[in-house]
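Analysis of the macromolecular model
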Amino acid sequence: MSNQDNQTNLISPPQENKDESDQKAQLPQSYKFTLISQLTRKTYKGTEHPSKRWGHSVIIHNKSMVIFGGHHSQRTLSNIYSLDFRTLNWSKIEQIGASPPARDSHSAIMYNNEMIIFGGTGSENNKYNDLWAFNFTNKRWTKKTTYGNDIPCKRDGHYSSLIYDRYMVVFGGINELDAVIGTVHLLDLTNDFWILTKNEGEQMSQRDSQGGTTINNTLYIFGGQKNSNEDIYYNDMYEANFE
């Protein structure tokens with residue numbers, strides 16, 4: 001993979017044909033939700049569970065969902081909780097030593113048994129571009145020193161993902177001037193070096209609070225907000241192939 005280029009393509013819905021229409025007719029026409037939060041409270045045997053919150057991050061570790069940070073009422077959070085999918089029990093994860101400042105609207109990924117968090121907004125409405133790694137074995141945080149001429153600016157509302165088991169992708173968000181960002185950065189997690197990628201495909205508009213996922217090292221982005229001052233939102237979808 002070249003560390004400088006990526007191609008972004010707008011995904012258009014496929015044209016429907018007769019065979020596809022026949023297949024749709026055979027698909028299930030209904031679904032059923034199960035309210036997991038109530039089920040969790042009924043089966044939970046401990047006393048520790050997270051407070052109501054928004055702007056937290058979620059990663060998967062050892063068949064558990066791990067959440068960090070977020071915002072509750074007038075308070076920004078810095079705690080870590082884990083939900084074991086096998087028992088639906090919540091537990092609070094101990095943090096030993098120095099830890100990152102409380103924050104919300106950051107991003108997090110899993111890499112080599114560590115939760116890597118980047119950016120976000122602090123309790124004084126200040127934005128971050130720092131990088132921290134939480135080791136699940138020793139329960140300690142490490143503040144990472146990163147390198148390069150293209151370190152991303154402070155931001156929140158961005159999206160991050162892991163590709164090629166080595167690079168953390170950071171896309172979009174809002175900077176300290178409340179301007180929406182449209183750049184794509186890669187962090188090489190083997191040496192903590194930042195790369196600003198160059199788009200060789202269709203231009204994707206700047207945005208924050210978008211959703212995304214990565215499948216086979218291809219990044220998919222859906223929706224988002226144009227800026228924080230206008231009620232303009234997107235429902236488009238892009239894929240980014242890194243080469």
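Scroll up to find the structure this text is about.
**Quick word on the overall build of the protein**
- Each helix and strand counted, the protein has 2 helices and 17 strands in total.
- Within the protein, the fraction of its 243 residues that count as buried is 42%.
- Looking at the protein as shown, the accessible area adds up to about 14,000 Å², and 47% of this sits on carbon and sulfur atoms.

**Some remarks on the nonpolar core**
- Ile163, Val169, Leu186, Leu219, Ile221 and Phe242 are the most contacted members of the largest nonpolar core, which has 14 residues in total.
- Only β10 (159-163), β11 (167-171), β12 (184-188), β16 (218-227) and β17 (230-242) provide two or more residues apiece to this core.
- Core analysis: the next-biggest nonpolar cluster, separate from the first, contains 12 residues, Val66, Ile80, Ile93 and Ile117 among them.

**Observations concerning the pairing of strand β15 (residues 211-215)**
- Direction of pairing for β15 relative to β16: antiparallel, over a ladder of 5 bridges. Across the sheet, Gly212 pairs through a bridge with Ile221, a residue of β16.
- Linking β15 to β16, which pair antiparallel, is a turn of 2 residues; within it Asn216 sits at a positive phi near 50°.

**Some remarks on the packing of aromatic side chains**
- For the structure shown, the criterion picks out 5 aromatic pairs.
- Taking the centre distance of 6.4 Å and the plane angle of 85° together, the rings of Trp132 and Trp141 count as edge-to-face.
- Residue classification places Trp141 among the buried positions, given a relative accessible area of 8%.
- Ring centres 5.1 Å apart and planes at 55° place the aromatic pair Phe134 and Trp141 in the tilted group. Accessibility assignment for this pair places Phe134 and Trp141 in one class, buried.
- Aromatic rings pair up to connect Phe68, Trp132, Phe134, Phe136 and Trp141 into one cluster.
- A cation over a ring is seen here: Arg103 above Tyr128, with NZ or CZ 4.3 Å from the ring centre.
- Over the ring of Tyr234 we find Arg207; its NZ or CZ atom is 4.3 Å from the centre of that ring.

About the criteria used
- Residues numbered from 1 in each chain as written.
- Predicted model: local features only at pLDDT ≥ 70, side-chain atom pairs only at ≥ 80, totals over all residues.
- Heavy atoms only, no water.
- Helix = DSSP H or I, 4+ residues; strand = E, 2+ residues; numbered from the N terminus.
- Buried < 20%, exposed > 50% of the residue type's maximum accessible area, 1.4 Å probe, protein only.
- Areas by Shrake-Rupley, 256 points an atom, 1.4 Å probe, with all protein chains shown as cover.
- Core = buried A, V, L, I, M, F, W, Y, C linked by side-chain atoms within 4.5 Å.
- Pairing = 2+ DSSP bridges.
- Phe/Tyr/Trp six-rings, centres within 6.5 Å; stacked < 30°, edge-to-face > 60°.
- Lys NZ or Arg CZ within 6 Å of the ring centre and 35° of its normal.

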